[in-house]
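Chains, contacts and geometry: an overview
If you want the building blocks of each chain, they are given just below.
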Amino acid sequence: MFMKSLRSLFALLVIPLIFSMGLGHSASAMAADDQTSQQQAATNDADLWRAVKAGDSGYTVAKGIETGVLINVVGNEGKDVRNEYLTPVMGITVVGVFAAFLFFYLVNGPSKLGKGFSGKMVLRWSKADLWIHWVLATSCLALIFTGLNIMLGKHILQPYIGEGLWAGLIYGSKTIHDWVGPIFIVSWILCVVKWMPMQTFKMYDLKWFLVVGGYVNFGPFKGKHPDSGFANAGEKMWFWSLTIFGLFIAASGLMLVLPGLDLPREASMAALLIHAISAIIIIAFTIVHIWMATVLSEGGMECMVSGYCDENWAIQHHNLWYDELKESNSIVYKD
């Protein structure tokens, strides 16, 4: 009887204690397993995010180019190059080139005609040439100003104007840029085809660079007017810069605005960078061209307004071309 009571007491006291110890061990094991699972999940998430940032491709049900890539590394790197390098260079180019020519003008003054105006006007450009020039010039300037706003506006204008005004301004710039582009391309093609025969470099063009085109009014270069054909060496450099980088900017621009091309991100970013670099070069040469053709050359602007130039201007700045006209008796004077 006593043994039976002792076994009952053992069942009531010891067995529940052992059972509770077992439960505690199981709970501890489950907690450890749960912690291990969380750590493994965190490791998996970190590995996944590392792969995403590295540009690794995965699988998606969507079809198309790069649909399995969440982050394109080349795209991000290209964006950084544009923002950190090309945007500041563009701003420095505009301000620097303009300031340099302004300083030169203030110190040197314009290139005057040595014998003054003759009053006799010689035909230099046809009506077709004038149309090509002004359509190209107008479209180029429109692209430059809208492009500058797209690249630099968020740094220069946006902080000082309202959000609504900025939204309208940037939308208008993008729209104008896209629609003026084809006009520029067509006029650029006509310009290249029609004027290329007159733009070949000659040995005498080297002297034009050595004496700064005869534009310097002081020192040993004063009064040095180098030989020049229909186009001087500076105009030829401008033409070939426009030809080469105009091609780059036209091709890259079409790649950026034509949705049907469905290009890889790498190609689109390359087009964007080429577009920006070409724009910087064209902007620099455009500023130089405008300065040289207007305030720095007395009588130069008249050529692209009426198509005629003063005879003394032709003799001083394009003597070889004038001599050819005179020898062939093909000078056409304005009535």
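With respect to the layout of surface pockets
The space that makes up the largest pocket amounts to roughly 1100 Å³. Around the largest pocket sit 45 residues that line it, and E235, W238, H289, I290 and A293 are the ones nearest its centre. Sorting the residues of the lining of the largest pocket by element identifies α2 (73-108), α3 (127-156), α4 (163-195), α5 (204-210), α6 (233-257), α7 (265-293), α8 (303-306) and α9 (311-317) as the ones contributing at least two each. Taken together, the residues that form the lining of the largest pocket break down as 31 nonpolar, 12 polar and two charged. Estimated volume of the second largest pocket: approximately 850 Å³. In terms of lining, the second largest pocket is formed by 32 residues, of which the most central are I150, H177, D178, L256 and H275.

Overview of the nonpolar core
Within the largest apolar cluster, 50 residues are counted, with the highest numbers of intra-cluster contacts made by M90, W125, F184, C191, L242, C309 and W321. At the level of secondary structure, the elements contributing two or more residues to this core comprise α2, α3, α4, α6, α7, α8, α9 and α10 (319-327). The contacts of C309, once residues within four sequence positions are left out, are K120, M121, V122, R124, C303, A314 and W321.

A closer look at the packing of aromatic side chains
Aromatic rings considered in pairs are described by the distance between their centres and by the relative angle of their planes. Per the stated rule, a full pass over the model turns up 10 aromatic pairs. Ring centres of W125 and W195 lie 5.3 Å apart, and the angle between their planes is 55°; this geometry places the pair in the tilted category. With a gap of 70 residues between them, W125 in the loop between β1 (121-123) and α3 and W195 in helix α4 connect regions that are remote in the sequence. Note on W125: relative accessible area 11%, which makes it buried. Residue classification places W195 among the buried residues on the basis of a relative accessible area of 9%. With a centroid separation of 5.2 Å and an interplanar angle of 85°, the aromatic rings of F239 and W240 are classed as edge-to-face. Overall, W240 belongs to the partly exposed group, its relative accessible area being 24%. Among the aromatic residues, those joined into a cluster by ring pairs are F98, F101, Y105 and W291. Above the ring of F230, the side-chain terminus of R124 is found at 4.2 Å from the ring centroid. We note R124 situated over the ring of W321; from NZ or CZ to the ring centre the distance is 5.0 Å.

Cut-off values and rules
- The numbers attached to residues start from 1 for each chain and follow its sequence in the written order.
- Totals for whole chains, interfaces and linings use every residue, but because this is a predicted model, local features are given only for residues with pLDDT of at least 70 and side-chain atom pairs only at 80 or more, for both listing and counting.
- With hydrogens and water excluded, all non-hydrogen atoms of the structure serve as input to the side-chain values.
- Within this scheme a cavity is a closed region of a 1 Å grid, computed over the protein atoms alone, that accommodates a 1.4 Å probe without allowing it to escape, whereas a pocket is open but has protein on both sides within 12 Å along at least five of seven lines; lining residues each have an atom within 4 Å of a point.
- Grid points are joined across faces, edges and corners, and a volume is the space filled by probe spheres set on the points.
- Labels follow the DSSP assignment, with helices taken as runs of H or I lasting at least four residues and strands as runs of E lasting at least two, numbered in each case from the N terminus.
- Classification convention: Asp, Glu, Lys, Arg as charged; Ala, Val, Leu, Ile, Met, Phe, Trp, Tyr, Cys, Pro as nonpolar; all other residues, Gly among them, as polar.
- What makes a nonpolar core is a set of buried Ala, Val, Leu, Ile, Met, Phe, Trp, Tyr and Cys residues whose side-chain atoms join them at distances within 4.5 Å.
- Each residue's exposure class comes from its accessible area (1.4 Å probe, protein chains only) as a fraction of the maximum for that residue type: buried when under 20%, exposed when over 50%, partly exposed otherwise.
- What makes two residues a contact is simply this: any of their non-hydrogen atoms within 4.5 Å.
- In this scheme Phe, Tyr and Trp rings, the latter by its six-membered ring, pair at centre separations within 6.5 Å, and the angle between planes marks the pair as stacked below 30 degrees, edge-to-face above 60, and tilted otherwise.
- Only lysine NZ and arginine CZ atoms are considered, and such an atom sits over a ring when it is within 6 Å of the ring centre and within 35 degrees of the ring normal.

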